[in-house]
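For reference, the chains in residue letters:
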Amino acid sequence: MDGSHDDDIVELSPSIATSLITTYLDALSSYLCRTTPLTLDGTGSAEEDAQEAREVDKMLEGLNLFQEQPHLLDPFLPDLITPITDLLTALILSTAILPSRAERLCKILYTYSKLRSHKIITTFLPPDVHLLEPLLLQLSTEWVQYTWQTRYVLLLWAGLVFMAPFDLRTIDSATEGQQSLVERAVQLIKVELGRSGKERDAAAILAARVLTRKDVVAQGGLRAYIEWCIENYGAADPMLKSGILASLAQIYRSGERETLREESEHVWGVVEAAEGDQDDIHIRKLRVKLASRIGSTLLPPRHSKEVEEGDVPELVDAVIDALLTALRDASTITRYSAGKNLAALTSRLPLAYQSEVADAVLAFFEENGGFAQGFEQVNDALWHGATLCLAEFARRGVEVENADTVRNVVLAALKFEQRRSGTYALGAHVRDAACYAIWSMVRSQASSTQAVVGIQSVAEELVIRGCFDREINVRRAASAAFQEGVGRMGIWERGIKVLGVMDFFAVGVRRMAALDVGVKLFALQEYRGCIVQCLVHDGVEHWDLEMRMLVAKCLEECVRTGVEGGEEAVVDELKGMVRRCADATDVGVRHGLTVAISAIIRGSASQRGLFKQEVNVVKDIIALASGLPSYARKGVYSVMMLTATCVLITALADAGVDVAETGRKEWLKLVHLTLAKSDEATQEAGADATRAVFAAWDLGIEIAVFVKGIDVRSNREVRRGYAKALGVIGWDKHPNEVRRVVKALLKATEIQENDFVNDGEARRDAAHALALILRSAGARMEVALVKEVVSGFLRCLEDYAVDSRGDIGSWVRREAMYGLTVAFTADLPEGAVDAEAWKEGFSGILKQSVEKLDKLRSFAGECIRTIMEVDKFELEDVAKEVLADATPDFWASPGMFFPKIVELLVVEEWRLPILSGLMTSAGGAGESLLRAASTALSNYLEGLPDNDEDGAPLSLTQFMDALVAVVEDNSDRDRVIIPCFEYTSTLFDMQIPQRLADTYTFNRFIFLVQKAAYKTTSIPKLLAVSKLYAGLASLEFSEDTSQNTAVKTKALDKLVGMLRHPFPRVRAVVAEQLYLVVSTWPECEEVEGLLVETDWMGSVKETKGVYEALRKGLGIA
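Residues numbered from 1 in each chain as written. Predicted model: local features only at pLDDT ≥ 70, side-chain atom pairs only at ≥ 80, totals over all residues. Heavy atoms only, no water.

Before going further, it helps to examine the overall build of the chain. When its secondary structure is counted, the chain shows 58 helices and two strands. Computed over the C-alpha atoms, the radius of gyration of the chain is 41 Å, more than 25% above the 32 Å expected from 2.2 N^0.38 for a compact globule of 1117 residues. Viewed in the frame of its principal axes, the chain has a C-alpha envelope of about 110 × 100 × 50 Å. With 1117 residues in all, the chain has 54% of them scored as buried. Considering only contacts within the chain whose residues lie at least 6 apart along the sequence, 71% involve residues at least 24 apart. Carbon and sulfur atoms make up 51% of the accessible area of the chain, which totals about 49,200 Å². Within the chain, the 160 negative side-chain charges are centred at a point lying 5 Å from the centre of the 121 positive side-chain charges. (Helix = DSSP H or I, 4+ residues; strand = E, 2+ residues; numbered from the N terminus. Rg over C-alpha atoms; globule rule 2.2 N^0.38 Å. Buried < 20%, exposed > 50% of the residue type's maximum accessible area, 1.4 Å probe, protein only. Contact = heavy atoms within 4.5 Å. Areas by Shrake-Rupley, 256 points an atom, 1.4 Å probe, with all protein chains shown as cover. Lys, Arg positive; Asp, Glu negative; His and termini not counted. Charge placed at Lys NZ, Arg CZ, Asp CG, Glu CD.)

As structure tokens, this is what we get:
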């Protein structure tokens, strides 16, 4: 995925960091107050222990925000660490086994070390020597296995205490026959080095602290440990091998040079033994680290006289050879470690030896024939490692004699790319390393190194990488290197100007880097040539389809810039591009060149008004479009090549290029092939080519072929493509064909009885084509024909077809809304859109604006806003008030939108459509949308009067009438009925319909509910029906003579009857609903008991007696 990753980084200001730390300190203090040495000895229950563990985890989550800026913790470290270490110190001194709470304290300390590194955290640990034996005792206990965080912290702490500046024998309490402190520590180290976690790293640090002490070395402790390492390495498991290498590397980092020199020959045996462990990345990395530290010990410091005067120890040759070999390692971290350490060692060698090492590194670039014939045969890992090594040479000031050779290999590395099978390539890591090498060379003080990068070709290559490389890290690395060169050397032409455009953030997004930064730099004469050469040679032949398309677009924009000489610089390359395209055997190359040629033609024609070029070149370009090879017309590459060819046909036709009759026929044949493809982008390209060729030539005779293509008997993909094409043809040249085309498209929008020929995409494209035709040719169409089109859009608004992908009818409804918007805003013949069509159409758009699909609601809002802006039809005043200030955010936010849109229910002609749409949102949508819609509607209903006697624009009685009408109109549509029933049951729970118990008859409503439940097997519908029966059964009247008494009795009868339903889940829910009803009635304790005590998920036969008892108890005959 291309783009900047900076959005994932949370930037903390000092004030925010202070606030977060203060909050954390309060939580920590509260926890520590309950975690005193006294309470730590107690053992809580397992549940209490788990609760405390969760509390600590939650407390530490806030510290994760400091991972990118851990330095913000520094002022607070004493307050963060000291209270914890005080408690742990008391525990270590007083208890033989640390309790679980102490382990959680160690986990907190480990989190600090993870954020701020163990080197800083250990400086806050108490270094008191009286803690040494207790720490070793805790770590050596066999009665309990501490967590790895606990062992890690205790090992680091022991390592700090072992740095005591006096002989350990003075504080050793061991008597004769017992192990000494050092022996116990070494035994512990050997055990911990074999673990797989972080405690192994802490054990390595402890080994270095113990074994490099002068008193331990004098007693032979270091030599004994090295011999143990040599003896046990071969038979050790991978974990212990890693631990041994890590401990030796730490020892060579901390020990005295003279002592370690004497042991180097012995330790080198471990390095040689590790050479056989090539399958373990960690061991290979540690082997490189240990070898380099051995070499560093054997060599004198930099800039000392020994560098020039002394002899190089023989073992150094073996070290350098090992590091050179590691430059080709498969692991990136190993290669980088090898390159960095090799440069460090080389800088400490005499100049003659430095030259030999540099030549050895440069020789790697010549392996397998070098890069003269391309990069296909070379080792990408070796190139990466060698390039990193050159970068480190520059940072360490290593003089390189052959500046031209170094420059050539670095420039080659900037272009490194190896195509692999499939849609990917290797080389980004090498290009990134090359940018790092240039960055390092610019910063180097060595004159020979500066000579490598001090020429304009390096700047040009950095500009190309910064603008047109596929990978974000390479673009940003190139920008950083260029910035460093401008700032430190200032020798590259127009450096400040380039840097102002190609900054680190501007190149973060690939598209912006090419089309914004690249085009701006194209305007600079000094960089125009290299940019053009990159685009027309490398860019158009790139392996990535998206990059080829981006390069083509960039070429077009370069031509369009209008800078002096800019268009000529690109157009002059056309002849060579056409020849390469004609000769290309690689389909990717031919595709890239085709789209690039098309882009240049478009850009040139836009500048001149007409594409002008040598006659022979134009003929060759026309031949490219006409002479598409057979492999590009059929097969796996046909979609890509047909798309590119149609783009070229479009460019040539729009540019007014004259084409012979045979060429036109061939182009039309390719267009027909393209429109029949299943890929939507390919069909769009074919449709655009159709528009262009119909505009350029008189092709009215071909329209019959396109009309035939949208017949329902045609293939689905064919119908989609030809429908797209018919929509974009300029019908002002073919007015006599409009009626036939419109009639065919109207038929194509209909849902067919045969599901096999039904296709949502074809109906969508046909509806869109009708809208485009109405927009472009509607003013010249017959009134009757326009009315047919509008009627077709109204029919399409009711397309709710679904398949395995979901509501595919929404695509058609969207285009129908677009078409109606065109009809309500375009200049059409007078009387084409009558009042009834306006009323039905606008009501339909309002309905879509309240339904549950977010995108459809937003688009409906855009349509309404457009219609209101044109203002051709009169709207109700309440609509103007509600929708006048509606912004795109208004339609996209359910919380803002629904409370306002429900006010439109007062308009009688809009009431049913809006209510029908609202039901799908308030009763059957996602949680957030359902909550917003149902809350808005319920709040609105609570404020309505019960009847219209007081002259209110809408009463609850009128609303119930509308609700019943919605149920009746949609009785066979579960998508409306089920959410409508669900929401209505919510209204009963809120006691809103109950307000009409004495004044409104629910006879029609309960009849429709019964009808919906009749013979249905839909469990959601049955559950919704049961809730409605419960609501109706809960009606309370002021008098028993109320007209709804029979409704209540019937609802109760139906609800009890559902207890015999064959579906167990239905019976269980019905029992629950019935219990809620009777629990409010007096003297129903026996019925309540039966409902609660019976297992309604069991067999129907088992509940027959209970069922009969319930009917008797409720007085149901």
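Take the pattern of salt bridges next. Tallied over the full model, the rule gives 61 salt bridges. Put simply, Arg151 and Glu199 hold a salt bridge, and the shortest N to O gap is 2.2 Å. Highlighted residues: Arg151 in helix 8 (residues 148-161) and Glu199 in helix 10 (residues 199-211), separated in sequence by 48 residues. For the pair shown, Arg151 and Glu199 are each scored as buried. (Salt bridge = Lys/Arg side-chain N within 4 Å of Asp/Glu carboxyl O.)

For the structure shown, the criterion picks out 24 aromatic pairs. Look at Tyr24 and Tyr112: their rings are 6.5 Å apart centre to centre, the planes differ by 80°, and that puts the pair in the edge-to-face class. In this pair, Tyr24 sits in helix 1 (residues 14-33) while Tyr112 sits in helix 5 (residues 100-116), placing the two residues 88 residues apart along the sequence. Centroid distance Phe824 to Phe873: 5.7 Å. Interplanar angle 70°. Geometry classified as edge-to-face. In this pair, Phe824 is assigned in helix 43 (residues 809-825) and Phe873 in the loop between helix 45 (854-870) and helix 46 (877-883), connecting sequence segments 49 residues apart. Taken together, the aromatic side chains of Phe365, Phe371, Phe375, Trp383 and Phe416 make up a single cluster linked through ring pairs. The ring of Trp811 is capped by Arg764, whose NZ or CZ atom sits 5.7 Å from the centre of that ring. Geometry around Phe859 places Arg814 over its ring, the cationic atom sitting 3.8 Å from the centre. (Phe/Tyr/Trp six-rings, centres within 6.5 Å; stacked < 30°, edge-to-face > 60°. Lys NZ or Arg CZ within 6 Å of the ring centre and 35° of its normal.)

All right, on to the packing of helix 13 (residues 238-254) against helix 15 (residues 281-298) then. Remark: helix 13 packs on helix 15, axes separated minimally by 9 Å, with the N-to-C direction vectors making an angle of 25°. In terms of orientation, helix 13 lies roughly parallel with respect to helix 15. Crossing of helix 13 against helix 15: the hand is left-handed. Contacts between helix 13 and helix 15 pair Pro238, Lys241, Ser242, Leu245, Ala246, Leu248, Ala249, Gln250, Tyr252 and Arg253 from the former with His282, Ile283, Leu286, Arg287, Lys289, Leu290, Arg293, Ile294 and Thr297 from the latter. Across the contact of helix 13 with helix 15, the residue classes tally to ten nonpolar, four polar and five charged. (Axes fitted to C-alpha atoms, helices over the stretch in contact; angles between N-to-C directions. Parallel < 35°, antiparallel > 145°, perpendicular 65-115°, else oblique. Left-handed = near helix turned anticlockwise from the far one by under 90°. Nonpolar A, V, L, I, M, F, W, Y, C, P; charged D, E, K, R; others polar.)

For the rest of this paragraph, the subject is the packing of helix 44 (residues 835-849) against helix 49 (residues 908-924). Two numbers describe how helix 44 lies on helix 49: the axes approach to 8 Å, and their chain directions differ by 30°. Compared by their axis directions, helix 44 and helix 49 come out roughly parallel. Note that helix 44 runs across helix 49; the crossing there is right-handed. Two secondary-structure elements touch here, helix 44 through Lys839, Phe842, Ser843, Leu846 and Lys847 and helix 49 through Glu909, Trp910, Pro913, Ile914, Ser916 and Gly917. A breakdown of the residues in the contact of helix 44 with helix 49 according to their chemical character gives five nonpolar, three polar and three charged.

Our focus in this paragraph is unusual backbone geometry. The phi angle at Ser117 is positive, at roughly 80°, despite the residue not being glycine. Even without being glycine, Lys1015 reaches a positive phi, approximately 55°. Take Lys1015: it is sitting in the loop between helix 53 (1003-1013) and helix 54 (1019-1033).

With that settled, consider helix 17 (residues 314-326). For helix 17, with 13 residues, the first-to-last C-alpha span of 19 Å sits near the 18 Å given by 1.5 Å per residue. Along helix 17, the residues that are buried comprise Leu315, Val316, Val319, Ile320, Ala322, Leu323, Leu324 and Ala326. Packed against the buried residues of helix 17 are helix 14 (257-274), helix 15, helix 18 (332-346) and helix 19 (351-364). (Expected span 1.5 Å × (residues − 1).)

Grouped together as the largest cluster of nonpolar side chains are 391 residues, with contacts concentrated most on Tyr112 and Phe482. When neighbours within four sequence positions are excluded, Phe482 is seen to be in contact with Ala459, Leu462, Val463, Trp492, Gly495, Val498, Leu499, Met502 and Tyr527. (Core = buried A, V, L, I, M, F, W, Y, C linked by side-chain atoms within 4.5 Å.)

As a further point, take the environment of Val595. As for its placement among the helices and strands, Val595 is situated in helix 32 (residues 587-608). C-alpha separation for the pair Val595 and Ile751, spaced 156 residues apart in sequence, amounts to 38 Å. Setting aside chain neighbours within four positions, we find Val595 in contact with Arg548, Met549, Ala552 and Ala644.

Attention shifts here to the environment of Asp946. Of note, Asp946 is situated in the loop between helix 50 (927-942) and helix 51 (956-969). Asp946 sits in the partly exposed class, given a relative accessible area of 29%. Once the C-alpha coordinates of Asp946 and Phe959 are considered, the two residues, 13 residues apart in sequence, prove to be 9.7 Å apart. A distance of 2.7 Å separates the side chain of Asp946 from the side chain of Arg995, its partner in a polar contact. (Polar contact = N/O pair within 3.5 Å; in protein donor to acceptor, adjacent residues only side chain to side chain.)

Next up on the list: the confidence of the model for the chain. Averaged over every residue, the pLDDT of the chain is 89; the share at 70 or more is 96%. Mean pLDDT per element in the chain: helix 2 (residues 37-40) is the minimum at 44, and helix 27 (residues 510-522) is the maximum at 96. Segment residues 1-9: pLDDT under 50, and 15 contacts once partners within four positions in sequence are set aside and those in other chains are kept. In this model, residues 37-42 is a region of pLDDT below 50 whose contacts with residues beyond four sequence positions or in other chains number eleven contacts. (pLDDT = per-residue confidence, 0-100.)

Here we come to a negative patch on the surface. On the surface, Asp834, Glu836, Glu840, Glu876, Asp877, Glu881, Glu903, Glu908 and Glu909 cluster together to form a negatively charged patch. Those elements that provide at least two residues to the negative patch are helix 44, helix 46 and helix 49. Mapped onto the elements of the fold, Glu908 is located in helix 49. The exposed category is assigned to Glu908, whose relative accessible area is 64%. (Patch = residues over 30% accessible without salt bridge, like charges linked within 9 Å, V, L, I, M, F, W, Y side chains within 5 Å.)

For the rest of this paragraph, the subject is a nonpolar patch on the surface. Residues Tyr1075, Leu1076 and Val1092 make up a contiguous nonpolar surface patch of about 270 Å² in total accessible area. Mapped onto the fold, Tyr1075 is located in helix 56 (residues 1064-1078).

The next thing to look at is helix 10. In an α-helix, one turn spans 3.6 residues; hence positions three or four apart end up facing the same way. With 13 residues, helix 10 extends 18 Å from end C-alpha to end C-alpha; this agrees with the ideal 18 Å at 1.5 Å per step. Most of helix 10 sits inside the fold, with eleven of its 13 residues counted as buried. Within helix 10, the full set of buried residues consists of Glu199, Arg200, Ala202, Ala203, Ala204, Ile205, Leu206, Ala207, Ala208, Val210 and Leu211.

This paragraph deals with the environment of Glu61. With respect to the secondary-structure elements, Glu61 resides in helix 3 (residues 46-61). Along the chain, Glu61 and Thr111 lie 50 residues apart, while their C-alpha atoms are 10.0 Å from each other.

Enumeration according to the criterion identifies zero disulfides in this entry. Here Cys106 is not disulfide-linked; the sulfur of Cys33 is the nearest cysteine sulfur, at 19 Å. With relative accessibility at 0%, the residue Cys106 sits in the buried group. (Disulfide = S-S within 2.5 Å.)

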